[in-house]
Amino acid sequence: MHIPPFDNQNKPIVDVDDATVPLNYFNIVKLKQGEAFEYQVPGYETCIVPATGTVDIEIEGFKADAIGQRTEDVWDGEPEGVYVPTAARATMVCTSAEAEVFVCGAKYDKVLDPFAVRADELDLVQYGSDETKTHRKIKHILGTKYHGQVGRLLVSELFTVGEGGWSGFPSHKHDTDRLPDETRHDETYNFRFKPNHGSGVQMLQREDGKAGDAYHIVDGSTICLDNGYHPCAVLPGYQMYYFTILGGLSQRSLVQYFQPSHAYQIETIPGIKDMIAKFK
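Residues numbered from 1 in each chain as written. Predicted model: local features only at pLDDT ≥ 70, side-chain atom pairs only at ≥ 80, totals over all residues. Heavy atoms only, no water.

Peer 1: Help me understand the overall build of the protein chain in this model?
Peer 2: The secondary structure content of the protein chain amounts to one helix and 23 strands. The C-alpha radius of gyration computed for the protein chain amounts to 18 Å, which stays within 12% of the reference 19 Å derived for 280 residues, consistent with globular compactness. Its C-alpha atoms put the protein chain at 50 × 40 × 35 Å along the principal axes. Taking all 280 residues of the protein chain together, the buried fraction comes to 55%. With the model as given, the accessible surface of the protein chain reaches about 11500 Å², and the carbon-plus-sulfur share is 49%. (Helix = DSSP H or I, 4+ residues; strand = E, 2+ residues; numbered from the N terminus. Rg over C-alpha atoms; globule rule 2.2 N^0.38 Å. Buried < 20%, exposed > 50% of the residue type's maximum accessible area, 1.4 Å probe, protein only. Areas by Shrake-Rupley, 256 points an atom, 1.4 Å probe, with all protein chains shown as cover.)

Peer 1: Where do I start with the sheet that holds strand β9 (residues 98-107) in this structure?
Peer 2: Hydrogen bonds between backbone atoms are what pair the strands of a sheet, whose relative direction is either parallel or antiparallel. Strand order in the open sheet made by the five strands is β2-β9-β4-β7-β10, with antiparallel pairing throughout. One side of each edge strand has no neighbouring strand; the edge strands of this open sheet are β2 (24-32) and β10 (115-117). Direction aside, neighbouring strands of the sheet carry axes that sit 20° apart on average. The sheet contact formed by strand β4 (residues 44-52) and β9 spans eight bridges and is antiparallel. Paired with Thr52 across the bridge in β9 is Glu100. (Pairing = 2+ DSSP bridges. Axes fitted to C-alpha atoms, helices over the stretch in contact; angles between N-to-C directions.)

Peer 1: When you look at the side chain of His140 in this model, what are you seeing that I'm missing?
Peer 2: Along the chain, His140 turns up in strand β12 (residues 136-142). In terms of polar contacts, His140 uses its side chain to reach the side chain of Ser156, at 2.8 Å. (Polar contact = N/O pair within 3.5 Å; in protein donor to acceptor, adjacent residues only side chain to side chain.)

Peer 1: I would appreciate a short explanation of the packing of aromatic side chains in the present structure.
Peer 2: Each aromatic ring pair is summarised here by two numbers: the centre-to-centre distance and the angle between the ring planes. Tallied over the entire structure, the rule returns 14 aromatic pairs. Summarising the aromatic geometry, the rings of Phe26 and Phe102 are spaced 5.9 Å apart at their centres and angled 45° between planes, so their arrangement reads as tilted. With Phe26 in strand β2 and Phe102 in strand β9, the pair connects residues that are 76 residues apart, well separated along the chain. The pair formed by Phe26 and Phe102 is uniform in burial state, with each residue classed as buried. Aromatic pair Phe115 and Tyr146: ring centres 5.1 Å apart, planes at 25°, arrangement stacked. One end of the pair, Phe115, is in strand β10; the other, Tyr146, is in the loop between β12 and β13 (153-160), with 31 residues separating them in the sequence. A relative accessible area of 8% means that Tyr146 is categorised as buried. (Phe/Tyr/Trp six-rings, centres within 6.5 Å; stacked < 30°, edge-to-face > 60°.)

Peer 1: Could you clarify how one ought to interpret the pairing of β2 in this entry?
Peer 2: Regular strands have side chains that alternate between both faces of the sheet. Buried residues dominate β2, accounting for seven of its nine residues. Across nine bridges, β2 lies against β9 in antiparallel orientation. Paired with Phe26 across the two strands is Cys104, which belongs to β9.

Peer 1: Which parts of the structure should I look at to understand the nonpolar core?
Peer 2: Membership of the largest hydrophobic core comes to 29 residues, with the highest contact counts inside it found for Phe26, Phe102, Leu142, Leu153, Val155 and Phe243. Secondary-structure elements contributing two or more residues to this core are β2, β4, β9, β10, β12, β13 and β22 (239-248). In contact with Leu153, other than residues within four places in its own chain, are Glu45, Thr46, Cys47, Cys104, Gly105, Ala106, Leu142, Ile245, Leu246 and Arg252. (Core = buried A, V, L, I, M, F, W, Y, C linked by side-chain atoms within 4.5 Å. Contact = heavy atoms within 4.5 Å.)

Peer 1: Sorry if this is basic, but what is going on with the state of the cysteines here?
Peer 2: Chemically, a disulfide is nothing more than a covalent bond linking the sulfur atoms of two cysteines. A full pass over the atoms with the stated rule returns zero disulfides. Its sulfur unpaired, Cys104 is 4.8 Å from the next cysteine sulfur, which belongs to Cys47. Classification of Cys104 by relative accessible area gives buried; the value is 0%. Here Cys224 is not cross-linked by a disulfide; its sulfur's nearest cysteine counterpart is in Cys104, at 13 Å. The class of Cys224 is buried, set by a relative accessible area of 0%. (Disulfide = S-S within 2.5 Å.)

Peer 1: Got a minute to help me understand the pattern of salt bridges in this structure?
Peer 2: Proximity of charged atoms lets side chains of opposite charge pair with each other. Inspection of the entire model under this criterion finds 14 salt bridges. The partner of Lys107 in a salt bridge is Asp17, and the shortest N-O contact between them spans 2.7 Å. With Lys107 in strand β9 and Asp17 in the loop between β1 (2-3) and β2, this residue pair connects regions lying 90 residues apart in the sequence. Here Lys107 falls in the partly exposed class, since its relative accessible area comes to 31%. Using a relative accessible area of 52% as the deciding quantity, one classes Asp17 as exposed. (Salt bridge = Lys/Arg side-chain N within 4 Å of Asp/Glu carboxyl O.)

Peer 1: Teacher, can you tell me more about unusual backbone geometry here?
Peer 2: Note on backbone geometry: most residues besides glycine have negative phi, and most peptide bonds are trans. In this model, Leu179 is joined to Pro180 through a cis peptide bond whose omega is 10°. As for its position among the elements, Pro180 is in the loop between β16 (175-178) and β17 (182-194). Here the residue pair Lys194 and Pro195 is connected by a cis peptide bond, since its omega of -10° sits within 30 degrees of zero. For Pro195, the location among the structural elements is in the loop between β17 and β18 (199-204). With phi around 50°, Glu60 is a residue other than glycine that occupies positive phi space. Looking at the element boundaries, Glu60 is found in the loop between β5 (55-59) and β6 (62-67).

Coordinates in, geometry out; function isn't part of it.
As structure tokens, this is what we get:
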């Protein structure tokens, strides 16, 4: 499902028990200096990640100051984030001129401890190549290094490297719990382009060998993925970014099932096996 960009007025774009991705939660909060935003999401653990700007965060006695160092856009430096336990009350206060903040979540019933992830604590992966049109960089904010501290939520930023090309290829899905071959993880994206008048396409193929759907994605588009194979691409001459939220049904580790007709191309893409391992 494609949700075109709109002024959500700091209200959830993907709310609890969403019809398409019930395991995910997503909000974009926009603040000016000195403004505060408070939220609480029963049944969901969440993570606060400034797209741009800086915020001070308090979570029921836990404090993390000066989270977020980017000013111009999501290409302007490394991300930072704060993990918010299930149903905890969180407050953020904007300390920069303005801030745009992603609040993402996954359904989870246990209560863990809050913590901050600073720029030097990210898990960084780069793979693919210009020749295979699959060159991209991933910045894991809540990645594998935080297993044990997070319940079901995986949070990453994905960047195409260079201008143009494909991401999420070979085509894969993760909509059914059938270990060891696949896990059920709902997934939500928010896209950005540089320059921001760029655009791309999100494919969604429900069954191998049959025609699927395609969505024209623009700067600020949100995509909710419930099932099917889902590669995406950016137009030549533009860079693409997408904020990625994964929520697991039965476990945090993601097991992707690659589309049989394309799976052999795993062997042709440099570094992709390391990328796959970083989601597990």
